[in-house]
Amino acid sequence: MRALFPLLRMSAALLALTALPPAASAQEAAPAKPTPADVVAAAPATDWRAIDPADLLVMELAPDTAGQPRRVIIQLIPPPFSAGWTGNIRALARAHWWDGTSVYRVVDNWVAQWGDGEDDKPDAKPLPGGLLVVPESDYLTPIETGPEDGRDFVLTPEKQEVVINRWIDSYAITGFAAGWPIALDDSGGRSGWPVHCYGSVGVARDLSPDTGTGAELYAVIGHAPRALDRNIAVVGRVIAGIEHLSTLPRGRGEAGVYDDAALRVPIRSVRLGDELPPAERPHFEYLASDSASFARYLHLRANRDDDFYRAPAKGVDICNAPVPLRQIVKGN
């Protein structure tokens, strides 16, 4: 399994980079105030991290009614998070298990779900052998805190440091680990977990103690359902093609399942990125969450004061500070 990208503590020097530039003198025109997009565009190459194609799921849906292709690309979350489920998902993808299944459930302001009705045992597509039964305890990842102020969080056993989101979140202490939004609890069991944001991909399951195998997946297509955190495994995020899920007709059957089978969207194939021919593999990068550019970006997401804004919010929900990603076209 791949380890998390190394993370650095958000030092006083790094935080200092979030200060706004000094005001222009009365004799010269004030420069345009930067936006988060400006910071992302100006980030040096050293602040970006490549995503291994082996960590991408490439899902090809049947073309739309106009004959246009529909590709959805999902980045799998790295260890130590949800490792049992992502291991199953890799096995399912390599077995080409999702080929011929469908997106069959779409709930407004909630999720789009795909698979083959794993809970409907008599009619469900047989699963490949060797899948893990993941315990509910794996919804959480152990953390340790520093002896002084409790803000020096590290994930165990990897001992990777977590960059804290010092802007307010209403649910928990929040931060970013290797470019992923996470929440932490430094009391009692001391643990961390990935959070549900727009585009997050989770493992559908039956009632507890069932945790799902990873064969039934959903993508969040509405407001962040943070109440699902620690109750369902987050295993990835859609990094391209979310519109092919979020714009689908809403299901009118029970729990948003399509009551008309004709509405189901066939899945032609799901492949890990490294299964594709080299020339067809997608390549993406994310803005490193331990970088000076990300610290600046996060500050501006919480304190917008560019030309459009009149009142800076002075805080931002973790899901309203999405980690910037960009696609890299090889050969250009």
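Nothing here was measured: the structure is a model prediction, and the numbers come from that model. (Residues numbered from 1 in each chain as written. Predicted model: local features only at pLDDT ≥ 70, side-chain atom pairs only at ≥ 80, totals over all residues. Heavy atoms only, no water.)

Engineer: Residue-level account of the overall build of the chain, with values.
Structural biologist: The number of helices and strands found in the chain is five helices and 18 strands. Per-residue burial for the chain yields a buried fraction of 52% across its 332 residues. Summarising the internal contacts of the chain: among those between residues at least 6 apart in sequence, 72% fall at separations of at least 24. Summed over all atoms, the accessible surface of the chain reaches about 16,000 Å², with 54% contributed by carbon and sulfur. (Helix = DSSP H or I, 4+ residues; strand = E, 2+ residues; numbered from the N terminus. Buried < 20%, exposed > 50% of the residue type's maximum accessible area, 1.4 Å probe, protein only. Contact = heavy atoms within 4.5 Å. Areas by Shrake-Rupley, 256 points an atom, 1.4 Å probe, with all protein chains shown as cover.)

Engineer: Can you lay out the packing of aromatic side chains for me, pointing to particular residues and giving the numbers?
Structural biologist: All chains considered together, the criterion is met by five aromatic pairs. Measuring from ring centre to ring centre gives 4.9 Å for Phe176 and Phe294, while their planes differ by 70°; the resulting arrangement is edge-to-face. Taken together, the residues Phe176 in strand β10 (residues 173–177) and Phe294 in helix α5 (residues 292–302) connect sequence positions 118 residues apart. Phe294 shares its class with Phe176; the two are buried. Members of the aromatic cluster, each reached through a chain of ring pairs, are Phe176, Phe294 and Tyr297. The ring of Trp193 is capped by Arg230, whose NZ or CZ atom sits 4.3 Å from the centre of that ring. The ring of Trp180 has Arg237 lying over it, and the distance from NZ or CZ to the ring centre is 3.9 Å. (Phe/Tyr/Trp six-rings, centres within 6.5 Å; stacked < 30°, edge-to-face > 60°. Lys NZ or Arg CZ within 6 Å of the ring centre and 35° of its normal.)

Engineer: I'd like a description of the sheet that holds strand β9 (residues 163–164), backed by residues and values.
Structural biologist: In a beta sheet, neighbouring strands pair by backbone hydrogen bonds and run either parallel or antiparallel. Spatially, the seven strands line up as an open sheet ordered β8-β7-β6-β12-β11-β10-β9, and their pairing is antiparallel. Because the sheet does not close on itself, it has two edges, and the strands there are β8 (160–161) and β9. Two elements, strand β7 (residues 154–155) and β8, share two bridges in a ladder whose sense is antiparallel. What sits directly across from Leu155, in β8, is Gln160. (Pairing = 2+ DSSP bridges.)

Engineer: Tell me what's going on with the state of the cysteines, and back it up with residues and numbers.
Structural biologist: For the structure on display, the rule yields one disulfide. Here Cys197 is linked by a disulfide to Cys319, with a sulfur-sulfur distance of 2.0 Å. Between Cys197 and Cys319, the disulfide has an S-S torsion of -75° and is therefore left-handed. Here Cys197, found in the loop between β12 (191–194) and β13 (200–203), pairs with Cys319, found in the loop between α5 and β18 (325–327); they are 122 residues apart in sequence, far enough to count as distant. The same class applies to Cys197 as to Cys319, namely buried. (Disulfide = S-S within 2.5 Å.)

Engineer: Tell me about unusual backbone geometry, and please be specific about residues and values.
Structural biologist: Peptide bonds are trans in most cases, and residues, glycine excluded, mostly fall at negative phi. In this structure, Pro80 follows Pro79 across a cis peptide bond, with omega equal to 15°. Within the secondary structure, Pro80 is located in the loop between β3 (70–76) and α3 (83–94). The residue after Ser208, namely Pro209, is reached through a cis peptide bond having omega 15°. One can find Pro209 in the loop between β13 and β14 (217–220). The phi torsion at Ala178 lies on the positive side, around 50°, for a residue other than glycine. Among the secondary structure elements, Ala178 is positioned in the loop between β10 and β11 (180–185). Among the residues examined, Ala178 registers a relative accessible area of 3% and is labelled buried. Despite not being glycine, Ala255 shows a phi value in the positive range, around 60°. Locating Ala255 in the fold gives a position in the loop between α4 (243–246) and β16 (265–272).

Engineer: Give a description of the pairing of β11 that names residues and reports values.
Structural biologist: β11 sits mainly inside the fold: five of its six residues count as buried. Note that β10 and β11 share five bridges and pair antiparallel. Its bridge partner being in β11, Ala177 is matched across the sheet by Trp180. Remark: two residues form the turn of the hairpin made by β10 and β11, two consecutive strands paired antiparallel; Ala178 in that turn has positive phi of roughly 50°. Alignment of β11 against β12, held across four bridges, turns out to be antiparallel. Across the sheet, Ala183 pairs through a bridge with Trp193, a residue of β12.

Engineer: I'd love a proper account of the pairing of strand β15 (residues 234–240), names of residues and values included.
Structural biologist: The buried count for β15 comes to six of seven residues, which makes it a mostly enclosed element. Sheet topology note: the β3/β15 ladder contains four bridges and is antiparallel. The residue bridging Leu76 from the neighbouring strand is Gly236, located in β15. Pairing of β13 with β15, which is carried by three bridges, proceeds in the antiparallel orientation. Paired with Ser200 across the bridge in β15 is Arg237.

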